[in-house]
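The residues making up each chain are set out below.
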Amino acid sequence: VLFVLTLPTIFVIVVGLAGYGGWNQHPRFQAVIHQFLWMTLFFIFIVYPTVSHVTLRSFACQDLGEFGRRLTADFRENCPKDDRGGFIFVFSLFFSIVYPAGIPLFFLVVMIVYRIPQMARTKMKDAAIAALISEYKRRTAAALTADLQQTLGLKPYRKKGSKNPV
């Protein structure tokens, strides 16, 4: 699936080299890269929990007495931890690092490249300033209205049955 997602990016790079003078010079390069990263993140997000779970289960073994230690996920297989130089152990160890640690690290790198932490800080700061301005307007509007009414000699507006001005 990731190979298929990579094909448009490869095409744009090759066409950029051939016809536009550089691998990133194609007019659609930025859009294709953006779409590639978005689709890759989405695919990884969907696949990540299942693959991480299966990968980490490759080290769960159970001692079956005379049958030796067997892989809990498939009792036909010997425990990979018993043969630390074997293909299954190396493969499981590699993907235990790639999936549970590498995928969140990939998400972090993409967030840093797209400056997500800075955007979040800016939005929080802007929201706090907007809230302060709104609160200031709310608190000062009533006082200014009362001062203006007094200056103009108008009676303050009161709801029926209320002694306090609104």
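Keep in mind that what you see is a predicted model, and the values were worked out from it rather than measured. (Residues numbered from 1 in each chain as written. Predicted model: local features only at pLDDT ≥ 70, side-chain atom pairs only at ≥ 80, totals over all residues. Heavy atoms only, no water.)

1. Let's talk about the side chain of Ser 92
Inference 1: As for its position among the elements, Ser 92 is in helix H3 (residues 87-113).
Inference 2: Exposure remark for Ser 92: the relative accessible area of 6% places this residue in the buried category.
Inference 3: Within polar-contact distance, the side chain of Ser 92 engages the backbone oxygen of Ile 88 at 2.8 Å.
Inference 4: Not counting residues within four places of it along the chain, the set of residues in contact with Ser 92 comprises Thr 55, Ser 58 and Phe 59. (Helix = DSSP H or I, 4+ residues; strand = E, 2+ residues; numbered from the N terminus. Buried < 20%, exposed > 50% of the residue type's maximum accessible area, 1.4 Å probe, protein only. Polar contact = N/O pair within 3.5 Å; in protein donor to acceptor, adjacent residues only side chain to side chain. Contact = heavy atoms within 4.5 Å.)

2. Considerations on H3
Inference 1: Along its length, H3 shows its largest kink, about 45°, at Gly 102, and proline Pro 104 lies within four residues downstream of that point.
Inference 2: Within H3 the residues assigned to the buried category are Phe 89, Ser 92, Ser 96, Ile 103 and Val 110.
Inference 3: In the core, the buried residues of H3 are packed alongside helix H2 (29-56).
Inference 4: With its phi angle positive at about 55°, Arg 115 sits one or two positions after the end of H3. (Bend = angle between axes of the 7 residues up to and from the residue.)

3. What about the sheet that holds strand S1 (residues 61-63)?
Inference 1: Ordered by their spatial adjacency, three strands build an open sheet running S1-S2-S3, and the pairing between neighbours is antiparallel. Unpaired on one side and paired on the other, S1 and strand S3 (74-78) mark the two borders of the sheet. Neighbour to neighbour, the strand axes of the sheet diverge by 45° on average, direction disregarded. (Pairing = 2+ DSSP bridges. Axes fitted to C-alpha atoms, helices over the stretch in contact; angles between N-to-C directions.)

4. Concerning the packing of aromatic side chains
Inference 1: Taken as a whole, this structure holds seven aromatic pairs when the rule is applied.
Inference 2: For the pair Phe 94 and Phe 95, a centre-to-centre distance of 4.9 Å together with 80° between the ring planes defines the contact as edge-to-face.
Inference 3: Assessed through its relative accessible area of 48%, Phe 94 is described here as partly exposed.
Inference 4: According to the relative accessible area criterion, Phe 95 is partly exposed, its value standing at 23%.
Inference 5: Put simply, the rings of Phe 87, Phe 91, Phe 94 and Phe 95 pair up and form one aromatic cluster. (Phe/Tyr/Trp six-rings, centres within 6.5 Å; stacked < 30°, edge-to-face > 60°.)

5. Remarks on the layout of surface pockets
Inference 1: Its volume calculated, the largest pocket comes out at about 210 Å³.
Inference 2: Lining the largest pocket are 13 residues; nearest its centre among them are Val 54, Thr 55, Ser 58, Phe 91 and Ser 92.
Inference 3: Those elements giving two or more residues to the lining of the largest pocket turn out to be H2 and H3.
Inference 4: Here the element with the most residues in the lining of the largest pocket is H3; it accounts for six residues.
Inference 5: Among the residues making up the lining of the largest pocket, the classes are represented as nine nonpolar, three polar and one charged. (1 Å grid on protein atoms, 1.4 Å probe; cavity = no way out; pocket = protein on both sides within 12 Å on 5 of 7 lines; lining within 4 Å. Points joined across faces, edges and corners; volume = space filled by probe spheres on them. Nonpolar A, V, L, I, M, F, W, Y, C, P; charged D, E, K, R; others polar.)

6. Topic: the environment of Leu 93
Inference 1: Note on placement: Leu 93 falls in helix H3.
Inference 2: Residue Leu 93 is classed as partly exposed on the basis of its relative accessible area, which comes to 39%.
Inference 3: Once the C-alpha coordinates of Leu 93 and Ser 58 are considered, the two residues, 35 residues apart in sequence, prove to be 8.7 Å apart.

7. Here we look at the packing of helix H1 (residues 2-19) against H2
Inference 1: The contact between H1 and H2 brings their axes to 10 Å, and the two run at 170°. In terms of axis orientation, H1 runs roughly antiparallel to H2. Here Leu 2, Leu 5, Thr 6, Pro 8, Thr 9, Val 12 and Ile 13 of H1 lie close against H2, whose contacting residues are Phe 29, Val 32, Ile 33, Phe 36, Met 39, Thr 40 and Phe 43.
Inference 2: Its residues placed into classes, the contact of H1 with H2 shows eleven nonpolar, three polar and no charged. (Parallel < 35°, antiparallel > 145°, perpendicular 65-115°, else oblique.)

That is the geometry; function is a separate question.
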